[in-house]
Amino acid sequence: MKKEYWRWPEYRRTVPGKDWTMAEVVTTGVDVGAVSSKAAIMVDGELYAYSIMRTGANSPDSANKAVNWALEGTKMKPDDIQYIVGTGYGRVNVPFANKAITEITCHARGANYIWGPTVRTILDMGGQDCKAIRCDEKGKVTAFLMNDKCAAGTGRGIEVIADLLSVPIEEVGPMSLTVEKEPEPVSSTCVVFAKSEAMGLLRKGWPKEMVLAAYCSAMASRIAELLRRVGVQKDFVITGGISKNVGIVNRLEDIIGVKALPMKKEFDPIIAGAIGAGLFAKDLYEKERKDA
Amino acid sequence: MAEGKESRVKKLQEEGWIKQTTIGEPRLSEIVQLYRSLGYEVSLETIKLDELDKECRRCYESEIGEVKTVYVRKKK
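It should be emphasised that the depicted structure is a prediction, and the values quoted were computed from it without experimental measurement.

Rules behind the numbers
Residues numbered from 1 in each chain as written. Chains lettered and ligands numbered in written order. Predicted model: local features only at pLDDT ≥ 70, side-chain atom pairs only at ≥ 80, totals over all residues. Heavy atoms only, no water. Helix = DSSP H or I, 4+ residues; strand = E, 2+ residues; numbered from the N terminus. Rg over C-alpha atoms; globule rule 2.2 N^0.38 Å. Buried < 20%, exposed > 50% of the residue type's maximum accessible area, 1.4 Å probe, protein only. Contact = heavy atoms within 4.5 Å. Areas by Shrake-Rupley, 256 points an atom, 1.4 Å probe, with all protein chains shown as cover. Lys, Arg positive; Asp, Glu negative; His and termini not counted. Charge placed at Lys NZ, Arg CZ, Asp CG, Glu CD. Pairing = 2+ DSSP bridges. Core = buried A, V, L, I, M, F, W, Y, C linked by side-chain atoms within 4.5 Å. Polar contact = N/O pair within 3.5 Å; in protein donor to acceptor, adjacent residues only side chain to side chain. Buried area = accessible area lost by both parts, 1.4 Å probe. Salt bridge = Lys/Arg side-chain N within 4 Å of Asp/Glu carboxyl O. Nonpolar A, V, L, I, M, F, W, Y, C, P; charged D, E, K, R; others polar. Axes fitted to C-alpha atoms, helices over the stretch in contact; angles between N-to-C directions. Parallel < 35°, antiparallel > 145°, perpendicular 65-115°, else oblique.

Considering the overall build of chain A
Move 1: Secondary structure summary: chain A contains eight helices and 10 strands in total.
Move 2: Relative to the 2.2 N^0.38 estimate, which gives 19 Å for 292 residues, the radius of gyration of chain A is 19 Å and therefore close to what a compact globule would have.
Move 3: Along the first, second and third principal axes, the C-alpha set of chain A runs to 70 × 45 × 35 Å.
Move 4: The buried share among the 292 residues of chain A stands at 56%.
Move 5: Taking all contacts inside chain A whose residues are at least 6 apart in sequence as the whole, residues at least 24 apart take part in 70%.
Move 6: Total accessible area computed for chain A in this model is approximately 12,700 Å², and 52% of it derives from carbon and sulfur atoms.
Move 7: Charged side chains of chain A number 39 positive and 36 negative; the gap between the two group centres comes to 2 Å.

Some words on the overall build of chain B
Move 1: Check the secondary structure of chain B and you find three helices and three strands.
Move 2: Secondary structure elements of chain B, listed N to C terminal, follow the sequence α-β-α-β-α-β.
Move 3: Considering only C-alpha atoms, chain B reaches an extent of 35 × 30 × 15 Å along its principal axes.
Move 4: For chain B, the accessible area works out to roughly 4,800 Å², and carbon and sulfur atoms hold 50% of it.

Looking at the pairing of strand β8 (residues 130-135) of chain A
Residue and element names in this part refer to chain A.
Move 1: Buried residues dominate β8, accounting for five of its six residues.
Move 2: In this structure, strand β7 (residues 121-125) lies alongside β8, joined through five bridges in antiparallel fashion. For Leu 123, the partnering residue across the bridge sits in β8 and is Ala 132.
Move 3: Where β8 and strand β9 (residues 141-146) come together, five bridges link them in antiparallel fashion. For Lys 131, the partnering residue across the bridge sits in β9 and is Met 146.
Move 4: In sequence, β8 turns back onto β9 through a hairpin of five residues, with Gly 139 there showing a positive phi of about 85°.

Description of the nonpolar core
Move 1: Within the largest apolar cluster, 78 residues are counted, with the highest numbers of intra-cluster contacts made by A:Leu47, A:Leu123, A:Met125, A:Phe144, A:Ile248, A:Ile275 and B:Tyr35.
Move 2: Per-element accounting of this core gives the leading share, 13 residues, to helix α6 (residues 208-230) of chain A.
Move 3: In this structure A:Leu47 touches A:Val15, A:Lys18, A:Ala40, A:Ile41, A:Met42, A:Tyr113, A:Phe267, A:Ile271 and A:Ile275, once residues within four positions along its chain are discounted.
Move 4: With 20 residues, the next largest nonpolar core counts A:Trp20, A:Val30, A:Val43 and A:Ala97 among its residues.

Observations concerning the environment of A:Asp31
All names here are of chain A.
Move 1: Here Asp 31 is to be found in strand β2 (residues 26-32).
Move 2: What makes Asp 31 buried here is its relative accessible area of 3%.
Move 3: Taking C-alpha positions, Asp 31 is 4.9 Å from Gly 88, a pair spaced 57 residues apart along the chain.
Move 4: Apart from the residues lying within four places of it in its own chain, the contact partners of Asp 31 are Ser 36, Ser 37, Lys 38, Thr 87, Gly 88, His 107, Gly 273 and Ala 274.

Things to note about helix α7 (residues 246-256) of chain A
Residues and elements named next belong to chain A.
Move 1: Within α7, the full set of buried residues consists of Gly 247, Ile 248, Val 249, Arg 251, Leu 252 and Glu 253.
Move 2: Of the surrounding elements, those touching the buried residues of α7 are β7, α3 (155-165), α4 (169-176), α6 and β10 (236-239).
Move 3: You can read the cap of α7 off the contacts: a side-chain oxygen lies 2.9 Å from the backbone nitrogen of Gly 247, and it is on Asn 245.
Move 4: Immediately beyond the C-terminal end of α7, within one or two residues, lies Gly 257, with a positive phi of roughly 75°.

Section: the side chain of A:Asn112
All names here are of chain A.
Move 1: For Asn 112, the location among the structural elements is in helix α2 (residues 103-115).
Move 2: Of the residues examined, Asn 112 reaches a relative accessible area of 17% and is grouped as buried.
Move 3: Within polar-contact distance, the side chain of Asn 112 engages the backbone oxygen of Glu 137 at 2.8 Å.
Move 4: Beyond its immediate sequence surroundings of up to four residues, Asn 112 is in contact with Pro 117, Asp 136, Glu 137, Lys 138 and Gly 139.

Considering the interface of chain B and chain A
Buried accessible area, meaning the area lost when the parts come together, often serves as the stated size of an interface.
Move 1: Across the boundary between the two partners, chain B contributes 19 residues, which contact 22 residues of chain A.
Move 2: Here chain B and chain A share an interface that buries about 1,900 Å² over both sides, 56% of which is from carbon and sulfur atoms.
Move 3: On the chain B side of the contact with chain A, B:Arg27, B:Glu30 and B:Glu55 bury the most area, a combined 31% of that side's loss.
Move 4: At the boundary of chain B and chain A, one finds two salt bridges.
Move 5: Ionic pairing is found between A:Glu103 and B:Arg27, a salt bridge with its closest N-O pair at 2.1 Å.
Move 6: For the pair chain B and chain A, the interface holds nine residue pairs in polar contact (both at pLDDT 80 or more).
Move 7: Of all the secondary structure elements, the ones that give two or more residues to the side of chain B that touches chain A are β1 (18-23), α2 (27-37) and α3 (54-60) of chain B.
Move 8: Split by residue class, the side of chain B that touches chain A holds nine nonpolar, four polar and six charged.

Quick notes on the packing of α4(A) against α6(A)
All names here are of chain A.
Move 1: Relative orientation of the contacting elements α4 and α6 amounts to 90°, with a least axis distance of 8 Å. By the angle between their directions, the pair α4 and α6 is classed as roughly perpendicular. In this structure, α4 uses Val 172, Met 175 and Ser 176 to contact α6, whose residues at the interface are Lys 208, Glu 209, Leu 212, Ala 213 and Cys 216.
Move 2: A class-by-class count of the residues in the contact of α4 with α6 yields five nonpolar, one polar and two charged.

Brief notes about the sheet that holds strand β3 (residues 36-43) of chain A
Each strand in a sheet pairs with its neighbour through backbone hydrogen bonds, running either in the same direction (parallel) or in the opposite one (antiparallel).
Residue and element names in this part refer to chain A.
Move 1: Here six strands make up an open sheet; going across it, the order is β1-β4-β3-β2-β5-β6 and the pairing mixed. In the strand order of this sheet, the two ends are held by β1 (11-14) and β6 (99-100), each with one partner.
Move 2: The sheet contact formed by strand β5 (residues 83-87) and β6 spans two bridges and is parallel. Looking across to β6, one finds that Val 85 is bridged to Lys 99.

Encoded structure:
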């Protein structure tokens, strides 16, 4: 069987030391992205368990699987969840959600939870899109910008290049940083054109790390332009799958001249949107209960 | 054709509109709603295939009528 170099690790986790059975409010945020689906189980507004998995062909099914996987081993049942908010590209396809909220709104709220109230700029580098978001001390969106409809400069592009070069996706970033001299960036981050350009470079005898450096560099430049337009204000954080690619993150930080806050060990930056959705779920549940 | 686009863009800029992104559904409705909630007026411009870069045409071809360019300006 052909090795799938693009495949990133799918996993679930329960945060240790928390007892959900004593909770007043159990909510869930489900972020169904174009590439990955995430579920965050929140207990009294704190992260309790989560899952990260590939989005399948059927969004409702992916949402369901993500929630069930997050619950695995916790003895919590779907009926124990009092309110669910769906977000992400496929948020309208979370049939069991009480409400859908845009992912831009949820990412800002989630970043505020993960890194704290000093966060002012969030870059969400996802599978099929890229968003630059500005927010206030409460995690409320004040401005944002989204890339054009196109997978150029997104996680899907990295997956394609990883497969083309037979380099495991987690090694793309570190390998791209091993070059002695930075090559010229590829001329296009368009998935279709970058693939043929990368093949051309390989035929010319470029080593893989040079090709990866050229691609990561082009992606960093493209993303930097998006950030420049929205304006980067500290503290700056990065969420989404590409936040784990040091080849892009390091180059991006060099271009914009601002360092992103480091990732927090206890929070995977991919689940920021799901966490934000879970927090909104708590607010909405409490409001409904108060109004009733 | 390119001249048509240029003059349209120039007119929008003179009126204070700032280009944000070119995008289709389901994102389009989402970001329009979000910009309005942030106090912006939103103008949607239909894009034309012959005004796009050659390398982008292939991807936009099948949904050219559904993809719009989003312009915003602060409400007076």
